[in-house]
Amino acid sequence: MHFASTRNPQPQVGFSKALTQGLADDGGLYVPSEWPSYEPSRLEAPENHEVLASLAREVLRPFIAGDALEPELEAMTREAFNFPAPQIWLDSSQRLGVLELFHGPTAAFKDFGARFLAAALTRLRRAASRPLQVLVATSGDTGGAVAAAFHGHHGIEVSVLYPKGLVSPTQEQQLTCWGGNVRSFAVRGRFDDCQRLVKQAFADAALRGRFELTSANSINLGRLLPQTAYYWAASLRVARAHGEPASFVIPSGNLGNATACVWARKLGAPIAAIVLAHNANRTVPDYLSEGTLRPRASVATLSSAMDVGDPSNLERLSALYPDAAALRGAVSAVSIDDEATRGRIRADFAHYRRVWCPHTAVAAEAYARLAPEVRAHGRWLIVATAHPAKFREIVVPLIGESVPMPENLARLFDRPSSTTEIEADVEALRRAL
Ligand SMILES: *Cc1c(COP(=O)(O)O)cnc(C)c1O
């Protein structure tokens, strides 16, 4: 199987090259050049994470066929999918449920993709002479998932850049508690400065001479493709138990998670509707309703991991559905403000005794706003992207009860933390590295 840029059908590259490069040379994002077909009846519907790993292996197999990493597929999926993605019904009629993607080491769905990418890049480094330097700019969640996934992996160094004073205490601990091959830098600036620094580092001759540089954000195919596995898993489970396809409501920012769901459906997974739930950053809902794409600066919201004004993976969706009319036929999108997000956290805690993180609450509110006849059709799953304990400062005052830390998160607080403060310029980064 080959992959090509969203901007040009040629050249085509293999799986390993697409993962190592991250971004295509022409600035586009890698997408599959063809869509394999599966026999869904031959795929197992997992109840536990061992079966999720083996399903991921079957789903990814055609994409990696013929690549140097093919013999490693089983080991890589076992490493990445070593925690479950349970699906829990919220009502006795089993028409509405939640797909929990937050049982990994940093309690967010990004653990799946980051762990798969780490497993793949580590194997690709075995023959290399220079260390690989993974640079990640983060506003909170991505950096933690990437740091956890790469920690202790030989031949790879990770540098996490985050804006000093602008991440939550829980997030900061997740960025700074690793040591070893993972370093963190508190940049005196904003998230945009961190992102600019990473871009400048890629263009810096001195740094490129010392390291091979790569990035691990959601433009990397190695994070996106494995995410299709949990959509296959959930939709197969629903289809087999209830004879109906599953519909998903997905908290969305850069659209990596949503693109994985669209791809799973394109590959034949029994998925009906896909709803993109955005916060006040309404570029995508506006594009679908107005027909013109107007990227803009992001605004800060409670669901900070979704504060994206120019979603990078829209380019991948547009490769399949080139204009707003075509995309409207594939997905719907809605924008939810902070007040409604708070209200939904309160309401669903009162009604279901379930605690949502602010991102998941955006999806829960998007579901509640669907027309009753739409909700009555088929089975619906709200995608829960993070554990609420990561956002205690927001959630606890709303529900008036404490939110216990899951064990995996609590363990990170036992580790000592250390970080290096740097100025927001590439000279300072070069010295620090
Ligand atoms: C990153 C993130 C999102 C947004 O996912 P995208 O793939 O960027 O759309 C939603 N929720 C949480 C908790 C996240 O960390």
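Anyway, here's the lowdown on the structure attached to this text. Everything numeric here is computed off the predicted structure, so don't read it as measured data.

Turning our attention to the overall build of the chain. A tally of regular secondary structure across the chain gives 19 helices and 14 strands. The C-alpha atoms of the chain give 20 Å as radius of gyration, which agrees with the globular expectation for 433 residues (22 Å, within 12%). The C-alpha extent of the chain, read off along each of the three principal axes, is 60 × 50 × 45 Å. Classification of the 433 residues of the chain by burial places 56% in the buried group. For the chain, restricting intrachain contacts to residue pairs at least 6 apart in sequence, the fraction spanning at least 24 positions comes to 74%. Only carbon and sulfur atoms are counted for the fraction: they give 49% of the accessible area of the chain, which is about 16,900 Å². Each charge sign in the chain was given a centre, from 45 positive and 44 negative side chains, and these centres are 1 Å apart.

With that settled, consider unusual backbone geometry. With an omega dihedral of -5°, the bond running from Q10 to P11 counts as a cis peptide bond. Among the secondary structure elements, P11 is positioned in the loop between β1 (3–5) and β2 (12–13). Of note, Q94 is a non-glycine position whose phi angle comes to about 55°, a positive value. Examined against the element boundaries, Q94 turns out to sit in the loop between β4 (87–89) and β5 (96–100). Despite not being glycine, L255 shows a phi value in the positive range, around 70°. Along the chain, L255 falls in the loop between β10 (246–251) and α10 (256–266).

Moving on to helix α14 (residues 338–352). Spanning 15 residues, α14 covers 21 Å between terminal C-alpha atoms, matching the ideal 21 Å at 1.5 Å per step. Among the residues of α14, A340, T341, R344, I345, D348 and F349 are the ones counted as buried. Projected down its long axis, α14 carries its buried residues within an arc of 165°, all on one side. Among the exposed residues of α14, those pointing more than 90 degrees away from its buried face are E339 and A350.

Turning our attention to the state of the cysteines. In total, this model carries 0 disulfides according to the counting rule given. Looking at the unpaired C194, the closest cysteine sulfur is the one in C177, lying at 18 Å. The thiol sulfur of C261 is not disulfide-bonded, and the nearest other cysteine sulfur, from C357, lies at 17 Å. When its relative accessible area of 0% is taken as the criterion, C261 is described as buried.

Tallied over the full model, the rule gives 11 aromatic pairs. On the numbers, 5.2 Å between centres and 70° between planes, the contact of Y38 with W232 is edge-to-face. Here W232 lies in helix α9 (residues 221–242) and Y38 lies in the loop between β3 (30–32) and α2 (49–64), a separation of 194 residues in the sequence. The pair formed by Y38 and W232 is uniform in burial state, with each residue classed as buried. On the numbers, 5.3 Å between centres and 35° between planes, the contact of F81 with F112 is tilted. One end of the pair, F81, is in the loop between α3 (73–80) and β4; the other, F112, is in helix α4 (residues 110–125), with 31 residues separating them in the sequence. F112 matches F81 in its accessibility class, with the two residues each being buried. By the ring-pair criterion, three or more aromatic residues cluster together here, those being F81, F83, F112, Y230, Y231 and F248. The cationic tip of R375 hangs over the ring face of Y367; the distance from NZ or CZ to the ring centre is 5.6 Å.

Cut-offs and rules
Residues numbered from 1 in each chain as written. Predicted model: local features only at pLDDT ≥ 70, side-chain atom pairs only at ≥ 80, totals over all residues. Heavy atoms only, no water. Helix = DSSP H or I, 4+ residues; strand = E, 2+ residues; numbered from the N terminus. Rg over C-alpha atoms; globule rule 2.2 N^0.38 Å. Buried < 20%, exposed > 50% of the residue type's maximum accessible area, 1.4 Å probe, protein only. Contact = heavy atoms within 4.5 Å. Areas by Shrake-Rupley, 256 points an atom, 1.4 Å probe, with all protein chains shown as cover. Lys, Arg positive; Asp, Glu negative; His and termini not counted. Charge placed at Lys NZ, Arg CZ, Asp CG, Glu CD. Expected span 1.5 Å × (residues − 1). Arc of directions from axis to C-beta. Disulfide = S-S within 2.5 Å. Phe/Tyr/Trp six-rings, centres within 6.5 Å; stacked < 30°, edge-to-face > 60°. Lys NZ or Arg CZ within 6 Å of the ring centre and 35° of its normal.

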